There are 2 protein chains.
Amino acid sequence: MKRRTAARRQRYAGPRKPRRPERDVLHAIARGHREAPEAIFRRSLELRGLKYTAERREILRTIMSAHAHFDADWLFLAMRKAGAKTSKATIYRSLALLCQVGILREAFHGLHGSTYEHVYGHEHHEHMICLKCGKVIEFMSRKLEKLQEDACRAMKFQPVQHHLQVFGYCRACE
Amino acid sequence: MKRRTAARRQRYAGPRKPRRPERDVLHAIARGHREAPEAIFRRSLELRGLKYTAERREILRTIMSAHAHFDADWLFLAMRKAGAKTSKATIYRSLALLCQVGILREAFHGLHGSTYEHVYGHEHHEHMICLKCGKVIEFMSRKLEKLQEDACRAMKFQPVQHHLQVFGYCRACE
DNA sequence: CTTTCTGCAAATCATTTGCACCCCC
DNA sequence: GGGGGTGCAAATGATTTGCAGAAAG
């Protein structure tokens, strides 16, 4: 059921990465807000000698149309409905790719597998997850971010990404 | 996915501890004057009409001896070494039970499966996880906790439990 | 052309479950 | 004594991977 986190697949090790890989990517994306995600993806692939295939294009389009959080299965079905009969294998391979590129991130582990969300066009945020209805509330706080950075500095830890999940009951379910 | 051994076996964070180690230790000891975990477990089981079996007793003893974070597999092997040949099935069933009872909690998802830690006798804390060596650093901040509470209040969300995981590179791996 | 992709099916792997005895309360 | 408990092995289910033909550059 539960699964592992990112950072493992990939046969191609890639060139030596700079100190803060994801960080840099995120910054790049933030700066390029006017650039379409499609262009970002394509460029990222090129830089790594990978190909911009029809399947990847279609997957990107589908996830950009996702309202909030989704999982591999949702993507699989959504693409079916849209007429693109991509295989699960490709779905998974692409999700990993999109995370590496910084367009997606793994939001958290639901009871069944990973849940993803876009990074592109969405400010970083944390999650509150209702234990009863499963509703996900997003929130964020500058101060919270800053405290985390301070903590990392104090521990000489180079942060790449973080996740804060608060489990509890939403207003309706309490 | 074939190297599920050495890489993440770094469960013990090592001597380099958070800022106020003494303070934390004192707290733990002070709290330890309360009811022993065995008694808590036993009573919880009774209340639910469940039985305090030899296997459960042994599992509890083993996890209480775990220094920090561990996973199902570690527990399985640790018990073998100790001479108790409990099955994986029972390990998993007991871990779930101990979480429900509040003696354990799922700390986070490592690259391979869930990682657990005691709740009993340990002050709440967050985690920094090294993406390279798997080392886990614990830290905590009153301010951070408070900000989270504030956020929940603002969203009318009733928090039950939370997890903050910062992924990145530890001092040695950077 | 050369190299990366994709679909498919088989393989993994952590975790769960069905069953037939076992053993606390 | 009986209902929960345990081990074992088979079942799950999300995700991965080997392969051979397909496509991108």
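Preceding this paragraph is the structure being described.
Residues numbered from 1 in each chain as written. Chains lettered and ligands numbered in written order. Predicted model: local features only at pLDDT ≥ 70, side-chain atom pairs only at ≥ 80, totals over all residues. Heavy atoms only, no water.

Caption draft 1: Region of the structure containing the relation of the copies chain B and chain A. Take chain B, turn it by 180 degrees, move it 0.1 Å along the axis, and it overlays chain A with an RMSD of 0.6 Å. Considering both components of the superposition, the chain copies are consistent with a two-fold axis. Among all residues of chain B, the minimum C-alpha distance to the rotation axis is found for Leu164 of chain B, at 2.1 Å. Both copies present the same face, since 81% of the interface residues in chain B are matched by interface residues at the equivalent positions in chain A. (Least-squares fit on C-alpha atoms with pLDDT ≥ 70 in both. Contact = heavy atoms within 4.5 Å.)

Caption draft 2: The arrangement of helix α4 (residues 72–81) of chain A in detail. Residues and elements named next belong to chain A. Of the residues making up α4, those classed as buried are Ala72, Leu75, Phe76, Ala78 and Met79. Down the axis of α4, the sector holding all buried residues measures 165 degrees, keeping them to one side. Taken together, the buried residues of α4 touch α3 (54–65), β1 (70–71), α5 (88–101) and β3 (114–118). Looking one or two residues past α4, Gly83 carries a phi angle of roughly 95 degrees, positive in sign. (Buried < 20%, exposed > 50% of the residue type's maximum accessible area, 1.4 Å probe, protein only. Helix = DSSP H or I, 4+ residues; strand = E, 2+ residues; numbered from the N terminus. Arc of directions from axis to C-beta.)

Caption draft 3: Region of the structure containing the nonpolar core. Counting residues in each nonpolar core, the largest one holds 28 residues, and the members touching the most others are Met128 and Phe157 of chain A together with Met128 of chain B. Looking at this core, the elements that each hand over two or more residues are β4 (126–130), β5 (136–139), α6 (142–154) and β6 (158–169) of chain A together with β4 (126–130), β5 (136–139), α6 (142–154) and β6 (158–169) of chain B. Not counting chain neighbours up to four residues away, the residues in contact with Phe157 of chain A comprise Cys152 of chain A together with Met128, Ile129, Cys130, Ile137, Val166, Phe167, Gly168, Tyr169 and Cys170 of chain B. (Core = buried A, V, L, I, M, F, W, Y, C linked by side-chain atoms within 4.5 Å.)

Caption draft 4: Spatial organisation of the pairing of strand β3 (residues 114–118) of chain B. All names here are of chain B. Of all the five residues making up β3, five are buried; the element is thus mostly covered by neighbouring parts of the structure. Going residue by residue along β3, you find Ser114, Tyr116 and His118 tucked away on one face and Thr115 and Glu117 tucked away on the opposite face as well. The pairing of strand β1 (residues 70–71) with β3 spans two bridges and is classified as antiparallel. The partner of Asp71 across the bridge, within β3, is Thr115. Connecting strand β2 (residues 104–109) to the next strand, β3, in antiparallel fashion are four residues, including Gly113 with a positive phi near 80 degrees. (Pairing = 2+ DSSP bridges.)

Caption draft 5: Focus on the interface of chain B and chain A. On the side of chain A, 41 residues touch chain B, which itself brings 43 residues to the contact. Summing the contributions of chain B and of chain A, the shared interface buries around 3700 Å²; its carbon and sulfur component is 70%. It is His109, Phe157 and Phe167 of chain B that lose the most area in chain B upon contact with chain A, and together they represent 17% of the buried surface on that side. Linking chain B with chain A are 13 residue pairs in polar contact (both at pLDDT 80 or more), by the criterion used here. When residues of the side of chain B that touches chain A are assigned to their parent elements, the largest contribution, 12 residues, is made by β6 of chain B. (Buried area = accessible area lost by both parts, 1.4 Å probe. Polar contact = N/O pair within 3.5 Å; in protein donor to acceptor, adjacent residues only side chain to side chain.)

Caption draft 6: Region of the structure containing empty space enclosed by the protein. Residues and elements named next belong to chain B. Taken as a whole and assessed by the stated rule, the structure comprises three cavities of 30 Å³ or more. Roughly 40 Å³ of internal volume is contained in the largest cavity. In this structure, the largest cavity is lined by His67, Ala68, His69, Glu117, His118, His122, His125 and Glu138. For the lining of the largest cavity, the residue count by class is one nonpolar, five polar and two charged. (1 Å grid on protein atoms, 1.4 Å probe; cavity = no way out; pocket = protein on both sides within 12 Å on 5 of 7 lines; lining within 4 Å. Points joined across faces, edges and corners; volume = space filled by probe spheres on them. Nonpolar A, V, L, I, M, F, W, Y, C, P; charged D, E, K, R; others polar.)

Caption draft 7: How the structure looks around the sheet that holds β3 of chain A. Overall, antiparallel pairing links the three strands, which are arranged β1-β3-β2 (chain A) in an open sheet. With partners counted over all chains shown, the strands left at the sheet margins are β1 and β2 (104–109) of chain A, one partner each.

Caption draft 8: Structural detail: the state of the cysteines. Residue and element names in this part refer to chain A. In total, this model carries zero disulfides over all chains according to the counting rule given. As a non-bridged cysteine, Cys173 has Cys133 as the owner of its nearest cysteine sulfur, 3.6 Å distant. The exposure class of Cys173 is buried, given its relative accessible area of 16%. (Disulfide = S-S within 2.5 Å.)

Caption draft 9: Inspection of the sheet that holds β2 of chain B at higher detail. Residues and elements named next belong to chain B. Spatially, β1-β3-β2 is the arrangement adopted by the three strands of the open sheet, whose pairing is antiparallel. Pairing within the sheet leaves two strands with one partner each, and these edge strands are β1 and β2. Contacts between helix α5 (residues 88–101) and the sheet are confined to β1, β2 and β3, with β2 contributing the most and set at about 110 degrees to the helix. (Axes fitted to C-alpha atoms, helices over the stretch in contact; angles between N-to-C directions.)

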